[in-house]
Amino acid sequence: MNEPGERLGPKSAEDEQPVAGRGRGLTLRAVLPNAITVAALCAGLTGIRFAIAGEWTSAVMAIVIAGVLDGLDGRIARLLKAQSRFGAERDSLADSLSFGMAPAIMLYLWSLQELPRLGWFAALAYAIACALRLARFNAQIDVDDQPHKSAGFLTGVPAPAGAGLAFTPVYLWLATGEEIFREPLIVGPWMALIAVLMISNIATFSWNSIRPRRSIRLEVIFLFGLVFAALLVEPWWTLAVICIGYLALMPLALIRYGKIKRQRSVVQPGG
């Protein structure tokens, strides 16, 4: 249970523990990350409003903005030492709405409603998988034995990344105008695949597990600059490439985690 006077704030990241603190009232440093979380929630729900109006560019950008804000609130909470269990619970609720329910409804309106029954089933599967993933994360906050987390990895695809991956057909449709990417027989199975990846037990990269060598850090900064420029010039192609790159890195994450797991199994018997 949270102690009285515990600071309120969202979790910093899925691979970090909330830190309890003491204080009276809601301080400014606790207000800021909470406000960002609420802004992310509003962006996600506003995406539904744009989807209902058929404004697909604005709808997708609203979810992208929600993802950016979701990444900021936790980092700011950690910087200000304003994390708490309450913040983690509230942040997960916001994530469930912005990255689970909102994308499910938006993709149903965009494509899946042409197959009302099967399409709605695919949308439900995605939304439920996102909710289950976030519930699993909350249930494991106080669990000490988390092999993936202790090795610097995540378990399954995180909710914001899952939403980004789910929208890949939309990115390609916006970039090319080809109606094939809007085909429900393609979008439905794609959403089901992302749902499975979110609730899977496979190891995936976290920010903590990506540590470039000192010798190439300037090159990494240069690459991020190019990616940012590409997002400004060709946002839809860039987002599609990022999603494809993320999927391509998943086998590498499994290989790296398997290596760490084998090293630990060798050390433990002799320890």
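Residues numbered from 1 in each chain as written. Predicted model: local features only at pLDDT ≥ 70, side-chain atom pairs only at ≥ 80, totals over all residues. Heavy atoms only, no water.

**Q** Outline the overall build of the chain, listing residues and values.
**A** In terms of regular secondary structure, the chain is built from 10 helices and two strands. Counting from the amino terminus, the chain carries its helices and strands in the arrangement α-α-α-α-α-β-α-α-α-β-α-α. Across the 271 residues in the chain, those meeting the buried criterion constitute 43%. Accessible area of the chain: about 14,800 Å², with a carbon and sulfur share of 69%. (Helix = DSSP H or I, 4+ residues; strand = E, 2+ residues; numbered from the N terminus. Buried < 20%, exposed > 50% of the residue type's maximum accessible area, 1.4 Å probe, protein only. Areas by Shrake-Rupley, 256 points an atom, 1.4 Å probe, with all protein chains shown as cover.)

**Q** Provide a residue-level description of the packing of helix H6 (residues 159-166) against helix H8 (residues 184-199), including the pertinent values.
**A** Contact geometry of H6 with H8 gives a least axis separation of 10 Å together with a crossing angle of 165°. Here H8 runs roughly antiparallel to H6, going by the angle between their axes. The element H6 and its partner H8 pack so that their crossing is right-handed. Each of Ala159, Gly162, Leu165 and Ala166 in H6 lies in contact with H8, whose residues at this interface are Trp190, Ile194 and Met198. Of the residues assigned to the contact of H6 with H8, the class counts are six nonpolar, one polar and no charged. (Axes fitted to C-alpha atoms, helices over the stretch in contact; angles between N-to-C directions. Parallel < 35°, antiparallel > 145°, perpendicular 65-115°, else oblique. Left-handed = near helix turned anticlockwise from the far one by under 90°. Contact = heavy atoms within 4.5 Å. Nonpolar A, V, L, I, M, F, W, Y, C, P; charged D, E, K, R; others polar.)

**Q** Which residues make up the confidence of the model for the chain, and what values do they have?
**A** Taken over all residues, the pLDDT of the chain has a mean of 83, while the share at 70 or more is 80%. Confidence, expressed as mean pLDDT per element, reaches its minimum in the chain at helix H5 (residues 147-150) with 69 and its maximum at helix H7 (residues 168-176) with 97. Predicted confidence is poor over residues 1-9, with pLDDT under 50, and the contacts of this stretch with residues over four places away or in other chains come to 31 contacts. A low-confidence stretch, residues 17-23 stays under pLDDT 50, and its non-local contacts, those more than four residues away or across chains, total 22 contacts. (pLDDT = per-residue confidence, 0-100.)

**Q** Help me get a handle on the packing of aromatic side chains, residues and values and all.
**A** The geometry of two aromatic rings is summed up by the distance between their centres and the angle between their planes. Tallied over the entire structure, the rule returns five aromatic pairs. On the basis of an interplanar angle of 70° and a centroid distance of 5.6 Å, the ring pair of Trp110 and Trp173 is categorised as edge-to-face. In this pair, Trp110 is assigned in helix H3 (residues 85-110) and Trp173 in helix H7, connecting sequence segments 63 residues apart. Each member of the pair, Trp110 together with Trp173, is buried. Between the aromatic rings of Tyr171 and Trp236, the centroid separation amounts to 6.3 Å while the plane-to-plane angle is 20°, which identifies the pairing as stacked. Placement of the pair is Tyr171 in helix H7 and Trp236 in helix H10 (residues 235-270), with a sequence separation of 65 residues. One aromatic cluster in this structure is built from Phe153, Phe205 and Tyr257. Stacked on the ring of Trp173, the Lys or Arg Arg182 has its end atom at 4.8 Å from the ring centre. (Phe/Tyr/Trp six-rings, centres within 6.5 Å; stacked < 30°, edge-to-face > 60°. Lys NZ or Arg CZ within 6 Å of the ring centre and 35° of its normal.)

**Q** Account for a nonpolar patch on the surface, naming residues and giving values.
**A** A cluster of nonpolar side chains, contributed by Trp120, Leu124, Ile128, Leu132 and Ile199, occupies part of the molecular surface with about 460 Å² of accessible area. Tallying contributions element by element places helix H4 (residues 116-139) first for the nonpolar patch, with four residues. Inspection of the secondary structure puts Ile128 in helix H4. (Patch = residues over 30% accessible without salt bridge, like charges linked within 9 Å, V, L, I, M, F, W, Y side chains within 5 Å. Salt bridge = Lys/Arg side-chain N within 4 Å of Asp/Glu carboxyl O.)

**Q** Quick rundown of the packing of H6 against H7? Include the residues and the values.
**A** Helices that pack against each other are described as a pair by the angle of their axes relative to one another and the distance between those axes. Two numbers describe how H6 lies on H7: the axes approach to 4 Å, and their chain directions differ by 40°. It follows that H6 is oblique to H7 by the angle criterion. Contact with H6, carried on its side by Gly164, Leu165 and Ala166, involves Thr168, Pro169 and Tyr171 of H7 and no other residues of that element. For the contact of H6 with H7, the per-class residue count stands at four nonpolar, two polar and no charged.

**Q** Please set out the nonpolar core residue by residue, giving values where relevant.
**A** Core analysis: the biggest nonpolar cluster contains 46 residues, and Met106, Tyr126, Phe167 and Tyr171 have the highest contact counts within it. Within the residue set of this core, elements represented by two or more residues are helix H1 (28-52), helix H2 (56-79), H3, H4, H6, H7, H8 and H10. Once residues lying within four places of it in the same chain are set aside, the contact partners of Tyr171 are Val60, Gly164, Trp236, Leu239, Ala240 and Cys243. Among the nonpolar cores identified, the runner-up in size contains six residues, and Ala151, Ala203, Phe205 and Ala253 belong to it. (Core = buried A, V, L, I, M, F, W, Y, C linked by side-chain atoms within 4.5 Å.)

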